[in-house]
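The residues making up each chain are set out below.
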Amino acid sequence: MKISFNWLKQYVKNDLSAYELGEILTNTGLEVEEITPYESIKGGLKGVVVGKVLTCTDHPNSDHLHLTKVDIGGEEPLNIVCGAPNVAEGQKVLVATIGTELFLKGEPVVIKKGKIRGEVSEGMICAEDELQLGESHEGIMVLPDNFEVGKPASHYFPVEHDYTLEIGLTANRSDATSHIGCDRDIVAALNKKENTRKYHIDFPDVENFKVDNSNNVIDIVVEDTQNCPRYTGLTISNVKVGPSPAWLRHRLEAVGLRSINNIVDISNFILMEMGQPLHIFDADKIKGNKVIVKCLAKDTPFVTLDGVERKLNGNNLMICNAEEPMCIAGVFGGMKSGVTDNTTNIFIESAYFHPTSIRKTARFHGLQTDASFRYERGCDPNITVYALKRAALMVKELAGGEISSNIIDIKNGDFPPVSVKLKFQYVNNVAGQEIDKDIAVNILKDLNCTVTELTDDYVIVDVPTCKVDVYRPADLVEEILRIYGYNNIVISTKVNASINVNNKPDKEKYQRNISIMLAADGFNEIMNNSLTKSMYTRMMDSFDEKNNVKILNPLSSDLDVMRQSLLFGGLESINNNQNHKNFDLKFFEFGNIYRYNEEKAQTASRPLAPYTENYRLDLLITGNKRKELWNNKVEAVDFYDIKKYVHEILYKLGIDLNNIMVSENKELHFDYALSYSIDGNNIAKFGKLNQKTLKIFDIKKDVYYATMDWDMLMTIVKNLKPICFKPLSKFPAVRRDLAMIFDKDITFEQIEKVAFAAENKILTNVNLFDIYEGDKIPEGKKQYAMSFTLIDTQKTLTDKVIEKSMAKIQSAIEQQLNAVLR
């Protein structure tokens, strides 16, 4: 949110600089992210002076240029080549001298000495649009004769200098969505800092408000009082729509708003001044002289101010006349009812709409306006009449007219302040130190809290209705401490700690250890949003769109469902890195995935039964294994790299790889992949992602992906036997090799399992060191060259024992896997 430094000081008189004020706001919880100088005329007319044209002759080498000598109060007049048709001798003009920076059509241009068609030019005689003093470019500006030669242009055309403060407003600070709201914190902070009570807000005076006549009364009917608890309005007749005065334009421009006309600018001014959105209708376009607040039928078409036809959803609150809708309440106006240059009679709306209704409507239509920004956070229901009077007085001042109806105020009950009892000891306990009760009470008063009871032990206050987030003692403590200053809270040198006994297995410890191991392997941890695009599940065949957990009121179509897989965010991260020319990537991510089961929804009695949440660990690798160096061979990552990392994780967790069942994974986002399971429970899937999947994310390099069910792994780890120490064998190991021919569909894991089943006493390792497929091997076959390591921890192995064991292994492989010794 942008606020103006000069505008802030309009209500609270002080001598602080913009940067000092920014520091105070930041310390009170309104973080000022940026402070930018603002000038009503960009460049501030620096270097532009009043000059007098002494001579004006035709350029010898041009049929439209003129040679002039211009006196700007210096020792010698300036030679300036000018192309304006109206330049003439004796004129007073505005001259941009050498070195002046002008902004022509928004682009900076520095005036330099040069030659134009062979003639020297030492400056520029300016038109009004070139100096941002108007829009005309028909010729140079000709000034009155009483303008003094040599005087800076800013002397006659004052430039307003201001600062724009950009505030990172948090969602709970609905009370600070305006300049007066920010000033409320400034008053409290300055009074606390200087130990005084002199600072206060000079609220705009509306005592002069009065109704001129009742010649244009518009009836108001609120049918949906739940979503519109309060609606106020009045009419003003015979107004004159035109440009806003300079001071009003400058105020709005300083906070990033474009001036439209005096009527619309007044509504924007009130919005930024006190945080109350207004909507101003052309009263002559309100058919039937009646305003009706209600919801219209689903799919009712409505054309908004931007010319877009939108279909209502049946729950969108609308401002209607007797025949048709005019405005989406609290969000966006309509094409037919707005103020134009021909408007003479207006109806001003000042309302309080329910925040939830506005938020849902804004999200449904994908609209984010200054009005919805405030309404959905919660406006002050007790300020509507005050804001209406303020607007009416400004309209009369700037556009004329007369107030032609009484204020009609439709309320669904009263809006009393919340009464909160705060014990001073509770403040001290939360702060960790004693806060003087007088300071605490004064801070609450400066924040417009009304003290209704005060004792030595506690205070009871009525919280102003603008502070919708303050309704508990804890909230009052937060209000006190942010004004008191968190930097004034003394940090204790004493540290209190408690001993925690975690349930086994300690999931956080395991996750931390695996993260450290992966980081040592060159991985970077990523953390992506749990919200993602539903488009991904539509485009990827291996995910069912019916399993999406949908967001009822998504912020955008890019964040409309909970993720079914960490894969989506991981591939987005790869795409982002590759767009920044970072191609060699290793990512891992821990996070939850979410699924909805439609079948369970039809039969389950519990509302959350159809929803599941599962914790996962995902790995993604792409690019080269190592950085390109003179002594390194460039080699791309492959399937066996991702498999190696999966095995490392399982080994680190203490899971015996011999207990894993291996199967081919046929999920449609893989080119090829494997699945690991234990006792029928899937624990990991890994493989190469196919090009169709990568194309969705605009990734051109191969990506290898693994996903591991962390919840299931922790369940398995919980049931593992404790690790026991065994001494190393004193006796040597023996290696024997076999080369055997297998069917192509036989995997090494199958061979390994058969071998260990045949000899489980002295066989310690099986290794595949060569694979051959070629002319010497029958079609549909492949040759595996394998080594077998045997060791006996009790004695040295004899040839007889070794041969017997190898014969058992070979026989089992031949019989069970239909293998042939090569």
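Each remark here, short or long, concerns the structure printed above.
The model shown is predicted, which means the values in this text are computed figures rather than measured ones.

Reading the values: rules and limits
- Residues numbered from 1 in each chain as written.
- Predicted model: local features only at pLDDT ≥ 70, side-chain atom pairs only at ≥ 80, totals over all residues.
- Heavy atoms only, no water.
- Helix = DSSP H or I, 4+ residues; strand = E, 2+ residues; numbered from the N terminus.
- Rg over C-alpha atoms; globule rule 2.2 N^0.38 Å.
- Buried < 20%, exposed > 50% of the residue type's maximum accessible area, 1.4 Å probe, protein only.
- Arc of directions from axis to C-beta.
- Polar contact = N/O pair within 3.5 Å; in protein donor to acceptor, adjacent residues only side chain to side chain.
- Pairing = 2+ DSSP bridges.
- Phe/Tyr/Trp six-rings, centres within 6.5 Å; stacked < 30°, edge-to-face > 60°.
- Lys NZ or Arg CZ within 6 Å of the ring centre and 35° of its normal.
- Contact = heavy atoms within 4.5 Å.
- Axes fitted to C-alpha atoms, helices over the stretch in contact; angles between N-to-C directions.
- Parallel < 35°, antiparallel > 145°, perpendicular 65-115°, else oblique.
- Nonpolar A, V, L, I, M, F, W, Y, C, P; charged D, E, K, R; others polar.
- 1 Å grid on protein atoms, 1.4 Å probe; cavity = no way out; pocket = protein on both sides within 12 Å on 5 of 7 lines; lining within 4 Å.
- Points joined across faces, edges and corners; volume = space filled by probe spheres on them.
- Core = buried A, V, L, I, M, F, W, Y, C linked by side-chain atoms within 4.5 Å.
- Salt bridge = Lys/Arg side-chain N within 4 Å of Asp/Glu carboxyl O.
- Disulfide = S-S within 2.5 Å.
- Patch = residues over 30% accessible without salt bridge, like charges linked within 9 Å, V, L, I, M, F, W, Y side chains within 5 Å.
- Areas by Shrake-Rupley, 256 points an atom, 1.4 Å probe, with all protein chains shown as cover.
- Left-handed = near helix turned anticlockwise from the far one by under 90°.

## Description of the overall build of the chain
No. 1: A tally of regular secondary structure across the chain gives 21 helices and 41 strands.
No. 2: Its C-alpha radius of gyration of 39 Å places the chain more than 25% over the 28 Å reference for a compact globule of 822 residues.
No. 3: Principal axes of the C-alpha set define a box for the chain whose edges measure 120 × 85 × 65 Å.
No. 4: A buried classification covers 48% of the 822 residues belonging to the chain.

## Brief notes about helix H19 (residues 710-718)
No. 1: Those residues of H19 lying buried are Trp-710, Leu-713, Met-714, Ile-716 and Val-717. End-on, the buried residues of H19 take up no more than an arc of 160°, which puts them together on one face.
No. 2: With a side-chain oxygen positioned 3.3 Å from the backbone nitrogen of Asp-711, the residue opening H19 is Asp-709.

## Focus: the sheet that holds strand E19 (residues 317-320)
No. 1: Taken together, the 5 strands give an open sheet; going across it, the order is E13-E16-E19-E20-E21, and neighbouring strands pair in mixed fashion. If you trace the sheet from one side to the other, it starts and ends with strand E13 (219-222) and strand E21 (332-333), each paired once.
No. 2: In terms of strand pairing, E19 meets strand E20 (residues 325-328) through 3 bridges, oriented antiparallel. By the bridge assignment for E20, Cys-320 is matched with Pro-325.

## Quick notes on the packing of aromatic side chains
No. 1: Applying the stated rule across the entire model yields 23 aromatic pairs.
No. 2: Chaining the aromatic ring pairs together yields one cluster made of Phe-639, Tyr-640, Tyr-672, Tyr-676 and Phe-686.
No. 3: Just above the ring of Tyr-484 sits the side chain of Lys-192; from NZ or CZ to the centre is 4.8 Å.
No. 4: Cation over ring: Lys-421 sits above Tyr-458, and NZ or CZ is 4.2 Å from the ring centre.

## Regarding the side chain of Glu-122
No. 1: Locating Glu-122 in the fold gives a position in the loop between strand E10 (119-121) and strand E11 (123-125).
No. 2: The buried category is assigned to Glu-122, whose relative accessible area is 17%.
No. 3: Excluding anything up to four places from it in sequence, Glu-122 contacts Pro-77, Leu-78, Asn-79, Ile-80, Ile-98 and Lys-113.

## A word on the environment of Ser-17
No. 1: Positionally, Ser-17 belongs in the loop between helix H1 (5-11) and helix H2 (18-27).
No. 2: As for Ser-17 and Phe-5, which are separated by 12 residues in sequence, their C-alpha atoms are 8.6 Å apart.

## As for the packing of H2 against helix H4 (residues 179-194)
No. 1: The contact between H2 and H4 brings their axes to 10 Å, and the two run at 90°. By the angle class used here, H2 and H4 are roughly perpendicular. Where H2 abuts H4, its residues Leu-21, Ile-24 and Leu-25 lie against Cys-182, Ile-186, Ala-189 and Leu-190.
No. 2: Taken together, the residues of the contact of H2 with H4 sort by class into 7 nonpolar, no polar and no charged.

## As for the side chain of Asp-792
No. 1: Summarising the element assignment, Asp-792 is placed in the loop between strand E40 (781-790) and helix H21 (799-817).
No. 2: Overall, Asp-792 belongs to the buried group, its relative accessible area being 12%.

## Section: empty space enclosed by the protein
No. 1: Throughout the structure, instances matching the rule amount to 2 cavities of 30 Å³ or more.
No. 2: For the largest cavity, the calculated volume is near 60 Å³.
No. 3: Taken together, 14 residues make up the lining of the largest cavity; nearest its centre are Lys-42, Leu-45, Glu-101, Leu-102 and Leu-131.
No. 4: Top element by residues in the lining of the largest cavity is strand E7 (residues 101-104). It accounts for 3 residues.
No. 5: Each pocket or cavity is described by its volume, and for the second largest cavity that value is around 50 Å³.
No. 6: With 3 residues, the single largest contributor to the lining of the second largest cavity is helix H18 (residues 691-696).

## Structural notes on the nonpolar core
No. 1: Leu-25 and Ile-348 are the most contacted members of the largest nonpolar core, which totals 59 residues.
No. 2: With 8 residues, the top contributor of residues to this core is helix H9 (residues 384-399).
No. 3: When neighbours within four sequence positions are excluded, Ile-348 is seen to be in contact with Thr-232, Gly-233, Leu-234, Ile-236, Leu-278, His-279, Ile-280, Leu-388, Ala-391, Ala-392 and Val-395.
No. 4: Of all hydrophobic cores here, the second largest spans 35 residues; its members include Cys-228, Ala-283, Ile-358 and Phe-415.

## A word on the pattern of salt bridges
No. 1: Summed over the entire model, instances satisfying the criterion amount to 42 salt bridges.
No. 2: Overlapping salt bridges bring together Arg-173, Asp-175, Asp-185, Lys-467, Glu-479 and Arg-482 as one network.

## Some words on the sheet that holds strand E12 (residues 161-167)
No. 1: Spatially, E1-E12-E2 is the arrangement adopted by the 3 strands of the open sheet, whose pairing is antiparallel. In this open sheet, the two edge strands, each paired with only one partner strand, are strand E1 (2-4) and strand E2 (32-39). The average undirected angle you get between the axes of adjacent strands in this sheet is 25°.
No. 2: As paired strands, E1 and E12 are joined by 3 bridges and run antiparallel to one another. Paired with Ser-4 across the two strands is Thr-164, which belongs to E12.
No. 3: Relative to the sheet, helix H5 (residues 246-254) contacts E1, E2 and E12, its axis offset from that of E2 by approximately 145°.

## Regarding the state of the cysteines
No. 1: Tallied over the full model, the rule gives 0 disulfides.
No. 2: With no disulfide of its own, Cys-320 has Cys-295 as its nearest cysteine by sulfur position, at a separation of 9.0 Å.
No. 3: Relative accessible area serves as the criterion here: at 1%, Cys-320 is assigned to the buried category.

## Regarding a nonpolar patch on the surface
No. 1: A grouping of Val-303, Leu-305 and Met-335 is seen on the molecular surface, where their side chains present a nonpolar patch of about 250 Å² in accessible area.
No. 2: Turning to its location among the elements, Leu-305 is positioned in the loop between strand E17 (301-303) and strand E18 (309-311).

## Observations regarding the environment of Ile-762
No. 1: With respect to the helices and strands, the residue Ile-762 is situated in the loop between helix H20 (748-758) and strand E39 (763-772).
No. 2: As a C-alpha pair, Ile-762 and Val-734 span 28 residues in sequence and 10.0 Å in three-dimensional space.
No. 3: Those residues in contact with Ile-762 that lie beyond four places of it in its chain are Thr-789, Leu-790, Ile-791, Asp-792, Leu-797, Val-801 and Ser-805.

## A look at the pairing of strand E16 (residues 290-295)
For a regular strand, side-chain orientation follows a simple rule: the groups alternate between the two sheet faces.
No. 1: Across 4 bridges, E13 lies against E16 in parallel orientation. Looking across to E16, one finds that Ile-220 is bridged to Val-291.
No. 2: Sheet topology note: the E16/E19 ladder contains 4 bridges and is antiparallel. By the bridge assignment, Lys-294 is partnered in E19 with Met-318.

## A short note on the pairing of strand E37 (residues 703-709)
No. 1: Extensive coverage of E37 is indicated by the burial of 7 of its 7 residues.
No. 2: Two elements, strand E33 (residues 611-622) and E37, share 7 bridges in a ladder whose sense is antiparallel. Looking at the pairing, Leu-619 lines up with Ala-706 of E37.
No. 3: The sheet contact formed by strand E36 (residues 681-689) and E37 spans 5 bridges and is antiparallel. Within E37, the residue paired with Gly-687 across the bridge is Tyr-705.

## Considering unusual backbone geometry
No. 1: Unusually for a residue other than glycine, Arg-117 sits at a positive phi of about 55°.
No. 2: Assignment of secondary structure puts Arg-117 in the loop between strand E9 (114-116) and E10.
No. 3: Residue classification places Arg-117 among the partly exposed positions, given a relative accessible area of 48%.
No. 4: A positive phi angle, close to 70°, is found at Asp-299, a residue other than glycine.
No. 5: Topologically, Asp-299 is positioned in the loop between E16 and E17.

## Some thoughts on the packing of helix H6 (residues 262-274) against H9
No. 1: Between H6 and H9, the least distance of the axes is 10 Å, while the angle of their chain directions is 145°. In this structure, H6 crosses over H9, and the sense of that crossing is right-handed. Counted together, Asn-262, Ile-263, Ile-266, Phe-269, Ile-270, Glu-273 and Met-274 of H6 and Tyr-386, Ala-387, Arg-390, Ala-391, Met-394, Val-395, Leu-398 and Ala-399 of H9 form the full contact between these two elements.
No. 2: Taken together, the residues of the contact of H6 with H9 break down into 12 nonpolar, 1 polar and 2 charged.

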